[in-house]
Structure formats: structure tokens, C-alpha cells
Amino acid sequence: MATAGKVIKCKAAVAWEPDKPLVIEEIEVAPPQANEIRVKIVATGLCHTDLYHLFEGKHNDGFPVVLGHEGAGIVESVGPGVTEFQPGDKVIPLFVYQCKECRFCKSPKTNLCEKGWSRLRYSVMSPEESRLTCRGKKVLQFMGTSTFSEYTVVNEMGLAKINPAAPLDKVCLLGCGICTGYGAAVNTAKVEPGSTCAVFGMGAVGLAAVMGCKAAGAKRIIAVDVNPEKFEKAKVFGATDFVNPKDHSKPISKVLEEMTNGGVDFSLECVGNVEVMRSALESCMQGWGVSVMVGWTDMADFSARPIQLIAGRTWKGTLFGGFKSKDGVPQMVNAYLDKKVKLDEFITHNLTLDQVNDAIEMMKHGQCIRTVLSVSPQ
Ligand code: NAD
Ligand code: ZN
């Protein structure tokens, strides 16, 4: 390709500081170094974790940064030593690496990888490892991905080659939200046939958790959200009951306990709020209930009475739905192509990268499930 080995100048949405709109800038994307791949991003979703970094987490050392970690694209060029990818391959960048060699990758018990960006800091790649520059300044790569850019550079441990038949403007959602929610139900909670489940938060992650509960054979799936406009979508993915905490004066765990004769078998927190995490745990049946934290926050400690666990409940968390990323993402792409998982139904808006701030505002105000931004033409 004509651009191989050269710096590419392209468009990206740069977050210069917390709490401010992103700025569409021309950035420079360095050629891939050893074991790296430069990817032309075709489409990207916007996930709440991008908003978390911008508005809630506010890590001052995390800026300037190019956000976006739910993208799909095409390999433009590869660095020395890369044999797994070739220019033209369709790919999805992965924020959880899978090196296949470390003790975590070799264990079936976890999807963490010792070599990922997460060993450095839990949200951005260090400046030395970022290949992005803007106005002479190094720009960090959020979660090692930076999909709000026409081009990005990723490590080969953090990239999945996918079926060439996959539509990139749909399967981009498998880069984060949908695998996270679906896997939280099937891999982490291990929802059982005939069980009763409650999912808190009906964003894309929670809706995907509902879809996972249904796929696992749950007979009753209770959707909990403070925004009742989300319930129509929840039905599409298999929710059977709908609860708005604002309609009740008693704690939501009591409401669910009464609805289910003692509590749910499985609960999944897909909001990112420590109070909701506690409610989700307390909504579980004693003896065997399993609650999974999916929502993302490191702003506050969580708490609960020890008796909740002593009485036999289990509290777990999940990163990327427990999927070993390089193996799991291509399988989920094929499951979508085989019509075994839904993706189109999550997409409420299609915009362009220039309109990223509109997408952010919509998510902030609960007016969308997923907005897919088209980034570069295919
Ligand atoms: P979203 O903003 O689209 O959805 C959040 C939903 O929660 C909204 O529908 C909102 O109305 C609802 N909500 C807010 N407060 C609530 C409450 N008190 N009770 C019930 N519902 C409430 O977000 P999303 O993109 O679906 O992401 C959901 C969460 O998952 C975020 O915290 C995100 O950071 C996290 N996440 C975690 C991982 C992981 O690997 N663990 C990956 C992706 C996203
Ligand atoms: Zn995400």
C-alpha cells in the first residue's frame, strides 16, 4: 500500500481535557513498529466507558487522549514480525489482549492477559507506546485502541481477524458492549436453563446481558431501569418483566424478592454504580444466587453485609464478559452472521465521526442505545 511505512495524517476526535467536548483534529499516526498493526477504522460504537473516562473518572494524567474502544476496520499495514495479519484483513481491536502465552492466557479460569495495556494503567496506553501525535504532542490511546480516529496502531495481541463477510458497521459493537453483556450472562454468571434473572441497566451492555440470559435458557428475565423508555427494547431481547425503581418506595431488592418468592437466581449490574451493585446482590436468592458486576467504576468502594455472602450468595465481576478476546470475538462475529446473536437491534443512531459530540450528548441523556459512527469509507 502507498501509505505503508509512512506517517499517515488523518482525522481523529481528540479529548484534550476532562469534561470538555472532543475536538476534531488532524493527527499523525506513526507506522506500526515490531508486532504492531496499523488499522483503518471504518466504524465505531460509543460505550459508556468512554463517557466514564471523560466525565466521571477524570484521571488528569489520562489526557490528551483519543477515546473509542468499540471499533472495526481494515488492516492498512503491518510492522516487522507480524505474520497473523495482512493488509486488507477485516479486524476488531481488542482492549483485553490475548497473548496466548502468559499464565492467565493459559488458564481457562480467566480472560485477563498479563501483557495487555492494562498492566501499565487501567485506562490509557503509556505515551511511549502511543503512535498518535497531535500538534506536536503525544496523544494517549484509550484502552490501547483509539477507535475515534481514521487510523490507529494496535499490538498484535490486541487485534482479532474476523470473517471477511462481516459488515463492519454492525460487528464493531462486538469490540466491547455486546460481548461484555452477553458474556457476563453466559460465561461469568453461567446462567442456567429455567432460571430467573434480573438485569440492572438497559443500555447496550444490559440489553446484551438480557440476550445472554435468554440464550442460556432463563425462563424469567426482569429488566430494571430508571428510564422506562428502555423497556420496549428490553422486550426485543427477551425480558419478561420490567421494573422502574422510581415506581416503588421500598428498596428494589425487596420488590424483586416479592416478585420471585425469595430472590432471583442470577443478577447482573450493568450501570456502574456501587449502590446498584449492592441492590443487585441483595436481590439474589440466598443459598445459591450469583450477582455479577459489569458496570465500570473505580470512584467508590462497594459495600454489603457479610451475611449476604455467608448465606450462600456469590459476588463476581467481569471484564469483557469473560471472553478470551482473540478467540471469542471472531466466534461472536460468526454467531451474528449465523443469526444466533442480534446486533442491528442495538443500533438506534448512525452518525459520522464529526458528530461524535452529538452521540456523547445522546448517551448522557439516555436517548440512544448505541450510536454507530462511520469513521472512514471502506
Ligand atoms: P448506558 O449509559 O448506555 O446504559 C446505562 C443504563 O443504566 C441506562 O439505561 C440508565 O438509564 C440505567 N441506569 C442508570 N442508573 C440506574 C439505576 N440506579 N438503576 C437502574 N438503571 C439505571 O451504558 P452502557 O454502554 O450500556 O454501559 C453500562 C456499564 O457497563 C457502564 O458502567 C460501562 O462503563 C460498563 N462497561 C463495563 C465493561 C466491562 O468490561 N466490565 C465493558 C463495557 C462497559
Ligand atoms: Zn466499552
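Structure first, text after, so check above.
Rules of the game
Residues numbered from 1 in each chain as written. Chains lettered and ligands numbered in written order. Predicted model: local features only at pLDDT ≥ 70, side-chain atom pairs only at ≥ 80, totals over all residues. Heavy atoms only, no water. Salt bridge = Lys/Arg side-chain N within 4 Å of Asp/Glu carboxyl O. Helix = DSSP H or I, 4+ residues; strand = E, 2+ residues; numbered from the N terminus. Buried < 20%, exposed > 50% of the residue type's maximum accessible area, 1.4 Å probe, protein only. Near = heavy atom within 4 Å. Polar contact = N/O pair within 3.5 Å; in protein donor to acceptor, adjacent residues only side chain to side chain. Areas by Shrake-Rupley, 256 points an atom, 1.4 Å probe, with all protein chains shown as cover. Pairing = 2+ DSSP bridges. Donors = N, O, S within 2.8 Å, 3.2 Å for Na, K, Ca; no water. Expected span 1.5 Å × (residues − 1). Contact = heavy atoms within 4.5 Å.

Some words on the pattern of salt bridges
This structure, assessed with the given rule, holds 17 salt bridges. Between Glu70 and Arg370 there is a salt bridge, with the nearest N and O atoms lying 2.8 Å from each other. Of this pair, Glu70 sits in strand E5 (residues 70-78) while Arg370 sits in strand E18 (residues 370-374), and the two are 300 residues apart along the sequence. Note on accessibility: Glu70 and Arg370 belong to one class, buried. Among the salt bridges present, the one from Lys170 reaches Asp169, with a minimum N-O distance of 3.8 Å. Overall, Lys170 belongs to the partly exposed group, its relative accessible area being 22%.

Some details on the site of ligand 1
Taken together, 27 residues form the shell around ligand 1, and within it His48, Thr49, Asp225, Thr318 and Phe320 come nearest. Within the contact set of ligand 1, an oxygen atom lies 3.1 Å away from a backbone nitrogen or oxygen of Val271. Within the side chain of Arg370, a nitrogen or oxygen atom sits 3.0 Å from an oxygen atom of ligand 1. Protein contacts shield 88% of the accessible area of ligand 1, which totals 870 Å² for the unbound molecule. Mapped by element, the contributors of at least two residues to the shell around ligand 1 are helix H1 (48-57) and helix H5 (204-215).

A word on the sheet that holds strand E4 (residues 65-66)
One key point about sheets: their strands pair by backbone hydrogen bonds, in either a parallel or an antiparallel sense. Sheet architecture is open: five strands sit in the order E1-E2-E7-E8-E4, paired in mixed fashion. With partners counted over all chains shown, the strands left at the sheet margins are strand E1 (8-14) and E4, one partner each.

Some points on the coordination of the zinc ion (ligand 2)
Ligation of the zinc ion (ligand 2) by protein atoms is provided by Cys47 (SG), His69 (NE2) and Cys176 (SG), these donors lying 2.0 to 2.2 Å from the ion. Along the chain, the residues that donate to the zinc ion (ligand 2) are spaced as C-x21-H-x106-C. Placement of the pair is Cys47 in the loop between strand E3 (36-45) and H1 and Cys176 in the loop between helix H3 (168-171) and helix H4 (177-189), with a sequence separation of 129 residues. The exposure classification of Cys47 matches that of Cys176, with both residues buried.

Describing unusual backbone geometry
Following Phe63, the chain continues to Pro64 via a peptide bond in cis, the omega torsion being -10°. Topologically, Pro64 is positioned in the loop between H1 and E4. Phi at Asp19 is positive, roughly 70°, even though this residue is not glycine. Inspection of the secondary structure puts Asp19 in the loop between E1 and strand E2 (23-29). By relative accessible area, Asp19 is classed as partly exposed at 40%. Despite not being glycine, Ser146 shows a phi value in the positive range, around 60°. If you trace the backbone, Ser146 turns up in the loop between strand E8 (137-141) and strand E9 (151-155).

Let's talk about the pairing of strand E15 (residues 290-293)
Burial along E15 is two-sided: the residues Val290 and Val292 and Ser291 and Met293 are all buried. Pairing between strand E14 (residues 266-269) and E15: four bridges, direction parallel. Opposite Leu268, over in E15, you have Val292 as the bridge partner.

What to know about helix H10 (residues 325-337)
Its 13 residues give H10 an end-to-end C-alpha distance of 18 Å, which sits within 8% of 18 Å, the value for a rise of 1.5 Å per residue. Taken together, the buried positions of H10 are Ser325, Lys326, Gly328, Val329, Pro330, Met332, Val333, Ala335 and Tyr336. Buried residues along H10 sit against strand E6 (90-93), strand E10 (159-161), H3 and H4. Within two residues after H10, Lys339 carries a phi angle of roughly 60°, on the positive side.

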